[in-house]
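Each chain is listed here by its residues.
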Amino acid sequence: MYDPNRSIRSVDVFVAAANMTGITAHFIGIVAVSTEISAVWNKIQDMANDFIILLPNIVLAIIVFSIFFFIARTLKRLVRRLTRDRRQAHNLGLVLGRLAQGAMILVGLFIALSIVIPSLKASDLVQLLGISGVAIGFAFRDILQNFLAGILILLTEPFQIDDQIVFKNFEGTVEQIQTRATTIRTYDGRRIVIPNSELFTNSVIVNTAFDHRRLEYDIGIGYGDDIDTARRLILEAMNEIDGVLASPAADALVVELAGSAVNIRARWWVQPPRRADVLDLQDRVLTNIKNKLLANGIDLPFPTQQILFHDQTEATDGDRHQQREGWPAGKGEVPQPRRIGHTLGQLAQNRDRPQVTPATNSHSPSPTTQTDR
């Protein structure tokens, strides 16, 4: 017979077994988590113990690196101080000081790493430095390009500190030549920072590269003035100014037959070629030239234009013997010029003349009228 009590007892046993299984699984999970936590804690303890063990080495490495760092700075200052008073060796001193500082810091870094990690060999450091150098080279290509260009500029010395240079649209005095960029101070009190790679690969004008510098200015005189007299007066005016060098000598050359003047180029030499001195001397030279030319009757003409009137018809168009165009016709006969007043007078006379009206035909029939009858 079917016993319901027995079925109920079986269900209770099944439920109790399921509960036991869940409790066991939960307990196993707790044990696993605690095991992981213990493992992590053991690792932290091991790392702390290792750090405590390495702490004296780390402190010693920091002390050693600091000593090398201060030695590098002192060495850089010493090299700069030795070459500060020598203009030709000043840039070389900057290069040697920076290279010595970098080399000393690198040696201190290698020694510090060897103290912290005794198993690290010098070959491993060199290999690591080579791989890092390639990666850094690709990542900081522009910076390294400027650095190498700065080193080459300091070594080759195309210009030096305190030189006055012109680069593209910038002009000023060189303040610093760093390994990354060069700074110049403009004449109006601004600072320009130029990357060394651009300075090294482009044209640079150095106004103070030599002791002497030649200045020039074009002066226009009238076509009716004597060129030799004007040239003599310009030379006298330049030589009267203090600061114009007698050797090389100043000169004055005719350079252009312009539209309204004969241009004479005045050229003179100065020393030193600093910007302020150049402007001051040019002001005095040009002022003296202008005053001397005007005092001796030499014209300094304004830009003018000459208009020539001529008779131009289809028959005479292009014929120089029948037109006065402003240029000679060779040995042929050239029409004489006429004043514009004479031409205007002829036009007025022609306008005032009475006009002749055509006569009427006397034989033409007269008009007739018709009346109504």
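Quick caveat, the model's predicted, so the values are computed rather than measured. (Residues numbered from 1 in each chain as written. Predicted model: local features only at pLDDT ≥ 70, side-chain atom pairs only at ≥ 80, totals over all residues. Heavy atoms only, no water.)

Student: Teacher, can you tell me more about the overall build of the chain here?
Tutor: Counting its secondary structure elements, the chain contains eight helices and eight strands. For the chain, buried positions account for 23% of its 373 residues. Long-range contacts, defined here as pairs at least 24 residues apart, represent 59% of the contacts in the chain between residues at least 6 apart. Put simply, the chain shows about 27300 Å² of open surface, and 59% of that area lies on carbon and sulfur atoms. (Helix = DSSP H or I, 4+ residues; strand = E, 2+ residues; numbered from the N terminus. Buried < 20%, exposed > 50% of the residue type's maximum accessible area, 1.4 Å probe, protein only. Contact = heavy atoms within 4.5 Å. Areas by Shrake-Rupley, 256 points an atom, 1.4 Å probe, with all protein chains shown as cover.)

Student: Can you help me understand the pattern of salt bridges in this one?
Tutor: Side chains carrying opposite charge are able to pair once their charged atoms draw close together. Going through the model one piece at a time under the given rule, you end up with twelve salt bridges. Between Glu 240 and Lys 292 there is a salt bridge, and its shortest N-O distance comes to 3.4 Å. Taken as a pair, Glu 240 in the loop between helix H6 (227-239) and strand E7 (251-257) and Lys 292 in helix H7 (residues 275-295) lie far apart in primary sequence, 52 residues in all. When its relative accessible area of 18% is taken as the criterion, Lys 292 is described as buried. What emerges from the salt-bridge pattern is a single network uniting Glu 175, Arg 185 and Arg 191. (Salt bridge = Lys/Arg side-chain N within 4 Å of Asp/Glu carboxyl O.)

Student: Explain the sheet that holds strand E1 (residues 164-167) here, please?
Tutor: Neighbouring strands of a sheet are bound in pairs by backbone hydrogen bonds; such pairs are parallel or else antiparallel. The strand order across the open sheet formed by five strands is E4-E3-E2-E1-E5, and the pairing between neighbours is antiparallel. Where the open sheet ends on each side, the last strands, each with one partner, are strand E4 (191-195) and strand E5 (205-206). Here five bridges tie strand E3 (residues 181-186) to E4, and the two strands are oriented antiparallel to one another. By the bridge assignment, Thr 183 is partnered in E4 with Val 193. (Pairing = 2+ DSSP bridges.)

Student: Looking at this structure, I do not really get the nonpolar core. What am I missing?
Tutor: Side chains of a nonpolar character, in soluble globular proteins, are inclined to be buried together. Ranked by size, the top nonpolar core spans 23 residues in total, and within it Ile 234, Met 238, Trp 268, Val 285 and Ile 289 carry the most contacts. Listed by contribution, the elements that provide at least two residues to this core are strand E6 (213-221), H6, strand E8 (262-270) and H7. Residues within four places of Ile 289 in sequence aside, it is in contact with Ile 219, Ile 234, Ala 237, Met 238 and Ala 266. With 14 residues, the next largest nonpolar core counts Val 95, Ile 165, Phe 167 and Val 174 among its residues. (Core = buried A, V, L, I, M, F, W, Y, C linked by side-chain atoms within 4.5 Å.)

Student: Is there a simple way to explain the environment of Phe 68 in this structure?
Tutor: Considering the arrangement of structural elements, one finds Phe 68 in helix H1 (residues 4-83). Once residues within four sequence positions are removed from consideration, Phe 68 is found in contact with Met 104, Val 107, Gly 108 and Ile 111.

Student: Can you walk me through the environment of Ala 249 in this structure?
Tutor: Mapped onto the secondary structure, Ala 249 falls in the loop between H6 and E7. Distance from Ala 249 to Leu 235, taken between C-alpha atoms, is 9.6 Å for residues 14 residues apart in sequence.

Student: Before we go on, may I ask you to explain helix H4 (residues 141-156) in this structure?
Tutor: Given 3.6 residues per turn, any residue in an α-helix points the same way as the ones three and four places further on. Under the 1.5 Å per step criterion, the end-to-end length of H4 is 22 Å for 16 residues, consistent within 8% with the ideal 22 Å. Taken as a whole, H4 has its buried residues at Asn 146, Ala 149, Gly 150, Ile 151, Ile 153 and Leu 154. Positioned one or two residues after H4, Glu 157 has a phi angle of 55°, which is positive. (Expected span 1.5 Å × (residues − 1).)

Student: Can you help me understand the sheet that holds E7 in this one?
Tutor: Pairing is antiparallel in the open sheet, where three strands are placed in the order E6-E8-E7. Where the open sheet ends on each side, the last strands, each with one partner, are E6 and E7. Averaged over all adjacent pairs, the angle separating strand axes in this sheet is 25°, with direction ignored. Where E6 and E8 come together, nine bridges link them in antiparallel fashion. (Axes fitted to C-alpha atoms, helices over the stretch in contact; angles between N-to-C directions.)

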